[in-house]
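Given next are the chains, with one letter for each unit.
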Amino acid sequence: MKVRIDVTLKPGILDPQGEAVRNALTTFGFTGIRSVRIGKLIEIELAESEPGEARRIVTDMCEQLLANAVIEDFAIRAD
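Throughout this document, residue positions are counted from 1 along each chain, in the order its sequence is written. The model is predicted, so local features are restricted to residues of pLDDT at least 70 and side-chain atom pairs to those at 80 or more, both for listing and for counting; the totals for chains, interfaces and linings are taken over all residues. Side-chain metrics in this entry use all non-hydrogen atoms of the structure; hydrogen atoms and water are not considered.

J.: Got a sec to walk through the nonpolar core? Specific residues and values, please.
T.: In plain words, nonpolar cores are sets of buried Ala, Val, Leu, Ile, Met, Phe, Trp, Tyr and Cys residues tied together by side-chain atoms within 4.5 Å. Exposure is judged per residue with a 1.4 Å probe applied to protein chains only, and the accessible area is read against the type maximum: over 50% gives exposed, under 20% gives buried, and values in between give partly exposed. Formed by Val-3, Ile-5, Val-7, Ile-42, Ile-44, Leu-46, Ala-54, Val-58, Cys-62, Leu-66, Ala-67 and Ile-76, the largest nonpolar core amounts to 12 residues. Broken down by secondary-structure element, the contributors of at least two residues to this core are β1 (2-9), β2 (40-45) and α2 (51-66). Only runs of H or I of at least four residues qualify as helices and only runs of E of at least two qualify as strands under DSSP, and these elements are numbered from the N terminus. Per-element accounting of this core gives the leading share, four residues, to α2. Ignoring sequence-local partners within four residues, the contact set of Ala-54 consists of Met-1, Leu-46 and Glu-48. Working rule for contacts: check all heavy atoms of both residues, and any pair within 4.5 Å makes them a contact.

Dropping the structure here:
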(Lines give C-alpha, C1' and ligand atoms only; values in the text may rest on other atoms or scores of the structure.)
Protein backbone atom coordinates (compact mmCIF):
# COMPACT_ATOMS: atom_id res chain seq x y z
CA MET A 1 0.00 0.00 0.00
CA LYS A 2 1.33 3.42 -0.94
CA VAL A 3 0.81 6.20 1.59
CA ARG A 4 1.37 9.93 1.14
CA ILE A 5 1.94 12.23 4.06
CA ASP A 6 1.58 16.00 3.76
CA VAL A 7 3.50 17.82 6.48
CA THR A 8 2.76 21.54 6.88
CA LEU A 9 3.57 24.21 9.40
CA LYS A 10 0.81 24.91 11.89
CA PRO A 11 -1.09 28.19 11.46
CA GLY A 12 0.73 31.05 13.14
CA ILE A 13 4.19 29.49 12.78
CA LEU A 14 6.50 31.74 10.79
CA ASP A 15 7.65 30.31 7.46
CA PRO A 16 10.85 32.10 6.36
CA GLN A 17 11.26 29.79 3.34
CA GLY A 18 7.72 30.57 2.21
CA GLU A 19 8.37 34.30 2.66
CA ALA A 20 11.55 34.04 0.56
CA VAL A 21 9.60 32.30 -2.21
CA ARG A 22 6.86 34.95 -2.04
CA ASN A 23 9.46 37.70 -2.37
CA ALA A 24 11.14 35.93 -5.30
CA LEU A 25 7.81 35.47 -7.10
CA THR A 26 7.11 39.18 -6.65
CA THR A 27 10.54 39.95 -8.12
CA PHE A 28 9.61 37.86 -11.17
CA GLY A 29 6.54 40.04 -11.66
CA PHE A 30 3.86 37.85 -10.11
CA THR A 31 1.42 40.05 -8.21
CA GLY A 32 -1.37 39.52 -5.72
CA ILE A 33 0.45 36.86 -3.70
CA ARG A 34 -0.57 37.29 -0.07
CA SER A 35 1.46 34.45 1.37
CA VAL A 36 3.35 31.26 0.53
CA ARG A 37 3.66 28.30 2.88
CA ILE A 38 6.21 25.57 2.23
CA GLY A 39 5.61 21.99 3.34
CA LYS A 40 6.83 18.55 2.47
CA LEU A 41 5.35 15.47 0.83
CA ILE A 42 6.54 12.05 2.00
CA GLU A 43 5.63 8.88 0.10
CA ILE A 44 6.01 5.51 1.78
CA GLU A 45 5.19 2.11 0.33
CA LEU A 46 4.16 -0.37 3.01
CA ALA A 47 3.83 -4.15 2.92
CA GLU A 48 0.70 -3.73 5.09
CA SER A 49 -2.49 -4.10 3.03
CA GLU A 50 -5.15 -3.40 5.69
CA PRO A 51 -5.96 0.36 5.53
CA GLY A 52 -6.66 0.83 9.24
CA GLU A 53 -3.43 -0.84 10.31
CA ALA A 54 -1.44 1.05 7.66
CA ARG A 55 -2.86 4.34 8.95
CA ARG A 56 -1.94 3.42 12.53
CA ILE A 57 1.62 2.55 11.53
CA VAL A 58 2.08 5.75 9.51
CA THR A 59 0.56 7.87 12.28
CA ASP A 60 3.15 6.40 14.67
CA MET A 61 5.91 7.21 12.14
CA CYS A 62 4.71 10.80 11.89
CA GLU A 63 4.41 11.28 15.64
CA GLN A 64 7.84 9.77 16.32
CA LEU A 65 9.94 11.09 13.42
CA LEU A 66 8.38 12.53 10.29
CA ALA A 67 6.60 15.57 11.77
CA ASN A 68 7.49 17.90 14.62
CA ALA A 69 4.26 17.95 16.66
CA VAL A 70 5.13 21.31 18.19
CA ILE A 71 5.17 23.24 14.91
CA GLU A 72 3.82 20.91 12.19
CA ASP A 73 0.57 19.20 11.23
CA PHE A 74 0.33 16.12 9.03
CA ALA A 75 -2.32 14.53 6.84
CA ILE A 76 -2.20 10.93 5.62
CA ARG A 77 -3.58 9.77 2.24
CA ALA A 78 -3.57 6.11 1.23
CA ASP A 79 -3.65 4.92 -2.38
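J.: Pulling in residues and values, what's your account of the sheet that holds β1?
T.: Here, strands pair whenever DSSP counts at least two bridges between them. The sheet built from three strands is open, its strands ordered β2-β1-β3 with antiparallel pairing. In this open sheet, the two strands that pair with only one neighbour each are β2 and β3 (72-78). Each strand axis lies, on average, 20° off the axis of its neighbour in the sheet, ignoring direction. Note on geometry: axes are C-alpha line fits, over the in-contact stretch for helices, and angles between N-to-C directions span 0 to 180 degrees. Set on the sheet, α2 makes contact with β1, β2 and β3; between it and β3 the angle comes to about 155°.

J.: Give a description of helix α1 (residues 16-27) that names residues and reports values.
T.: The terminal C-alpha atoms of α1, which comprises 12 residues, lie 16 Å apart, in line with the 16 Å expected from a rise of 1.5 Å per residue. Looking one or two residues beyond α1, the residue adopting positive phi is Gly-29, at roughly 95°. Helix span, expected: 1.5 Å multiplied by one less than the number of residues in the helix.

J.: Give a detailed account of the pattern of salt bridges, specifying residues and quantitative values.
T.: Throughout this description, the term salt bridge denotes a Lys or Arg side-chain nitrogen within 4 Å of a carboxyl oxygen of Asp or Glu. Summed over all chains, the structure comprises five salt bridges. Put simply, Asp-6 and Arg-77 hold a salt bridge, and the shortest N to O gap is 3.0 Å. On the criterion of sequence distance, the pair formed by Asp-6 in strand β1 and Arg-77 in strand β3 is long-range, its members being 71 residues apart. For Asp-6, a relative accessible area of 25% gives the class partly exposed. A salt bridge links Arg-22 to Glu-19, with the shortest nitrogen-to-oxygen separation between them at 2.6 Å.

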